[in-house]
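Examination of the molecular architecture
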Amino acid sequence: MSLQTRLMSAVIGFVSLILVIVAVITSAILGRTLEDQLDQKLFTTASEVVGRIDQLPGSFATTEQALSGMPVENGSLFAVSSQAGTGGIVLSSQNNELTGGARSLTKAQLVQINDALNGGRTATVTIESLGSYRVVVATSPVSHSVVVAGLPRTGIQNQMATLFTVIVLATLGGLILLALTTAITIRLSLRPLRAMAATATRVANQPLDRGEVDITERIPASEADPRTETGLVGASLNKLLDHVNTSLAARQKNEERMRRFVADASHELRTPLASIRGYSELSLRALGQQEGPAVIESTTTSLERIQAQSLRMTRLVEDLLLLARLDEGRELVYGTVDLTQLGLEGVSDARPTAPDHRWNIEVPDEPVVIVGDAGRMHQVVTNLLANARTHTPAGTEITLSVSREGEEAVLRVHDDGPGIDPAVRDELFARFARGDSSRARQTGGTGLGLAIVKAIVEGHHGHITVESVPGSTTFSVRLPIEPVVGA
């Protein structure tokens, strides 16, 4: 069954049970109250009849004598047992003339009344040919006469039947009204859920496994109020859709980066492979067409070029392998690393490679020591200095500084070159990234240097940033002094 059907069944079922219980309790209390009122009325009548009998001379009284001149109700039953004898009558009219308006009780009827009382003061008895009666008994302490008075229970039965009819009709009407209002209320309350289901269905029908995906479907703000239960579900679904949309956009961006990465890697590998193939064909052609020293010189030149291109390709493959291992959290061997010493060695190694640049080093008097991989941190320093040397013109001043700031070691490489184009700054640490014309390439780098730097720094739980304006570019590496717990 649907949620609406289950809710309606539960509500109507519980309300029906409550109404039945209330009807039974009300009927029982009302019936008992009517019986008590009838008993009180009968006791009063019976006592009055006893008083009349005691006033008769000689205390000899028949039923007719005791009731003579007394107002009684239609259908009243009286039975008197005195010194005058035992007898009983049933009145069929409201008058004081008993002749023609009363019918005597038979012996069998008197026996039924006596058996019902069975020594008690009140009883309900069904008398043959008369119906159901409520009877009470009263005894005279003077004449020791016994009077039984009774009234038919038809009035009570009629009132109870009327009450049951009213209760049944009111209950049915109330249940019908309750069913209508409950159905409308539940339907309106579940409308946001239906809207959510429709939204989820539309999203599910979109192709999400490939290509650029933009999920624009959302739950309307009117049905996503977090102050209500269904609104909270709608708000949560909207948050989920936002997260999924962001994740799909990130997936698409990663796919595009991967495609660019594969294309760049293929391009970088194609150039040395083409050179190797070309020089190999040239050597083979020379061997087939020439002889003597010319062949040796040509072959030697080709082999040197083949070796150079092989080394270039080897460096590229090694850099790619290093990045892959760093991405997997491998390749780092932790130990004590003196950043001050690494900075001094890095600048000393860089000076001979670019004598037309001005090199400076700024280090504190006390060594700045961290826990990390010395070999990889040396590669960070080397790559940053090489990047500054490669992308700046002759005469540029390059400064490497090492300092300690709080619980972090900071290594900075600054140059006063032309700066970095803001359009490429966000992709600066991407693999195979290239600078723009303001930082034109002057060497045959692979474009993986800064990507390797970023991977090594993040592997040490640090981070790298760059600030660049024309005339001032600074790469800042921040690393924790103490090892990160759980790393």
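Attention in this report is confined to the structure presented alongside it. (Residues numbered from 1 in each chain as written. Predicted model: local features only at pLDDT ≥ 70, side-chain atom pairs only at ≥ 80, totals over all residues. Heavy atoms only, no water.)

1. Let's talk about a nonpolar patch on the surface
As a reminder of what qualifies: Residues enter patches when their relative accessible area tops 30% and they take part in no salt bridge; the joining distance is 9 Å for like charges and 5 Å for the nonpolar side chains Val, Leu, Ile, Met, Phe, Trp and Tyr. Using the Shrake-Rupley algorithm and a 1.4 Å probe, accessible areas are obtained, with residue cover drawn only from the displayed protein chains. In the sections that follow, a salt bridge refers to a side-chain nitrogen of Lys or Arg positioned within 4 Å of a carboxyl oxygen of Asp or Glu. Each helix corresponds to a stretch of at least 4 residues labelled H or I by DSSP, and each strand to a stretch of at least 2 residues labelled E; elements are numbered beginning at the N terminus. Working definition: with a 1.4 Å probe on protein chains only, accessible area under 20% of the residue-type maximum means buried, over 50% means exposed, and in between means partly exposed.
A cluster of nonpolar side chains, contributed by L3, L7, L193 and V233, occupies part of the molecular surface with about 280 Å² of accessible area. With respect to the secondary-structure elements, L7 resides in helix α1 (residues 3-55). Since its relative accessible area comes to 34%, L7 is described here as partly exposed.

2. Remarks on the pattern of salt bridges
Any two side chains of opposite charge can pair if their charged atoms end up close together. Following the criterion strictly, the structure yields 11 salt bridges and no others. The closest approach of N and O atoms between R32 and D36, which form a salt bridge, is 3.1 Å. With R32 and D36 both in helix α1 and four residues apart, the pair spans about one turn of that helix. The class of R32 is partly exposed, set by a relative accessible area of 44%. With relative accessibility at 40%, the residue D36 sits in the partly exposed group. Here D39 makes a salt bridge to R134, at a shortest N to O gap of 2.6 Å.

3. Notes on the side chain of T392
Worth spelling out the cut-off: Pairs of N or O atoms are called polar contacts if they sit within 3.5 Å, as long as, within protein, a hydrogen donor faces a hydrogen acceptor (for residues adjacent in sequence, only side-chain-to-side-chain pairs).
Tracing the chain through its elements places T392 in the loop between α8 (374-390) and β10 (397-405). Here T392 falls in the buried class, since its relative accessible area comes to 1%. One polar contact links T392 to H357, side chain to side chain, over a distance of 3.0 Å. Of note is the side chain of T392, whose polar atom sits 2.5 Å from the backbone oxygen of A388.

4. Remarks on the sheet that holds strand β12 (residues 463-469)
Quick reminder of the rule: One bridge is not enough; two strands pair if DSSP finds at least two bridges between them. Axis geometry follows a simple rule: fit a line to the C-alpha atoms, using only the stretch in contact for helices, then measure angles between N-to-C directions, giving values from 0 to 180 degrees. Pairs of residues are marked as contacts when any of their non-hydrogen atoms sit within 4.5 Å.
One open sheet accounts for five strands, arranged β8-β10-β11-β13-β12; its pairing is mixed. Two strands close off the open sheet at either side, each with one partner strand: β8 (358-362) and β12. Sheet twist, expressed as the mean angle between neighbouring strand axes with direction ignored, is 15 degrees. Two strands pair when backbone bridges link them, and strand β11 (residues 408-415) and strand β13 (residues 472-480) are joined in this way by eight bridges, in the antiparallel orientation. Its bridge partner being in β13, D415 is matched across the sheet by T473. Packing of α8 onto the sheet brings it into contact with β8, β10, β11, β12 and β13, and relative to β11 it is tilted by some 20 degrees.

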